[in-house]
Amino acid sequence: MNYTRHFIFLLALGFYACGGSDIDPTTATVDATDQETNPAAEGFDAEGSDARAIAIADSVVARHGGRQAYDDARYISWNFFGARDLVWDKEEERVRIEVPKDELIYLLDYSGGDELTGAVRKEGTEMTDPDSIQIYLQSANSMFINDSYWLVQPFKLKDSGVTLKYVGEETDPQKSRPSEVIELTFKEVGDTPGNRYRIFVDKENYRFNTWQFFRAAADSTASLETPWNGYQQYDGIWLSGDRGGRFQLGNIAVTDEMDDAVFTQF
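This brings us to the pattern of salt bridges. Taken as a whole and assessed by the stated rule, the structure comprises 19 salt bridges. Note that D50 is salt-bridged to K165, the shortest N-O span being 3.7 Å. With a gap of 115 residues between them, D50 in the loop between α1 (32-36) and α2 (51-63) and K165 in strand β7 (residues 162-171) connect regions that are remote in the sequence. The class of K165 is partly exposed, set by a relative accessible area of 36%. In this structure, E180 engages R52 in a salt bridge whose closest nitrogen and oxygen atoms are separated by 2.7 Å. Of the two residues, E180 is situated in strand β8 (residues 178-186) and R52 in helix α2; the sequence distance between them amounts to 128 residues. Take R52: its relative accessible area is 36%, and that puts it in the partly exposed class. Overlapping salt bridges, with partners in common, bring together R74, D89, E91, R94 and D260 in one network.

The next thing to look at is the sheet that holds β7. The strand order across the open sheet formed by 5 strands is β7-β8-β9-β10-β11, and the pairing between neighbours is antiparallel. The sheet terminates laterally at β7 and β11 (224-227), the two strands that pair on one side only. Here the strands of the sheet are splayed against their neighbours by 20° on average, with no regard to which way each runs. As paired elements, strand β10 (residues 208-214) and β11 share 4 bridges and run antiparallel to each other. By the bridge assignment, T210 is partnered in β11 with P227.

Rules of the game
Residues numbered from 1 in each chain as written. Predicted model: local features only at pLDDT ≥ 70, side-chain atom pairs only at ≥ 80, totals over all residues. Heavy atoms only, no water. Salt bridge = Lys/Arg side-chain N within 4 Å of Asp/Glu carboxyl O. Helix = DSSP H or I, 4+ residues; strand = E, 2+ residues; numbered from the N terminus. Buried < 20%, exposed > 50% of the residue type's maximum accessible area, 1.4 Å probe, protein only. Pairing = 2+ DSSP bridges. Axes fitted to C-alpha atoms, helices over the stretch in contact; angles between N-to-C directions.

Below you can see the structure in the form of structure tokens.
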């Protein structure tokens, strides 16, 4: 599934995380061979991007487990800020979202190309009105776009419509770590194509130190700045769930098997 298409994107079913310990920083450099194993998505703005920024993006993917490990990850589940639980079947392009506070369950199916299909249950009753279902599915789609980007952005640096620019070497504002800074802008993709991200990439291990979010690309002051803490390995890929303070992605799990009913039944 490509996040940047317009549709893009724990449960009480007992998922199991393949977790690991926090990483030990290891010496790393930008490696030309990383680009060979991290092909860009169709529509990535290679011409408008800086070669150095592209090389850093490729090394980021390599130090997060590699493109192949990410592509092979079948099911990813997590909790977003304590507000909702998500389960993503990457292979079949399906997503389940539960929002306990609102007594809502969304079953999204992206496998039909540009047509988003699915089902919604609200307050214990499955919705039947087609127009209402589409409204709720589009809302859930926006949740998925947002929530998944918080989790797996390191693997999305060369998505369709993305332009990468190299800013230079700076000291990370959250961790005081030496970093190489890259910026992401977007060309008419996603829910909010006018956004800009600035990523502080650690010079030693090529994992994220901090990201800054700018609501408009021309803004000089970030709307949000958070660290990327608590990296752990999940079935071969490294993910961070701690964005500081209340910004916590919990119950992260990556698994190879899951009951199909998760995506077809409420």
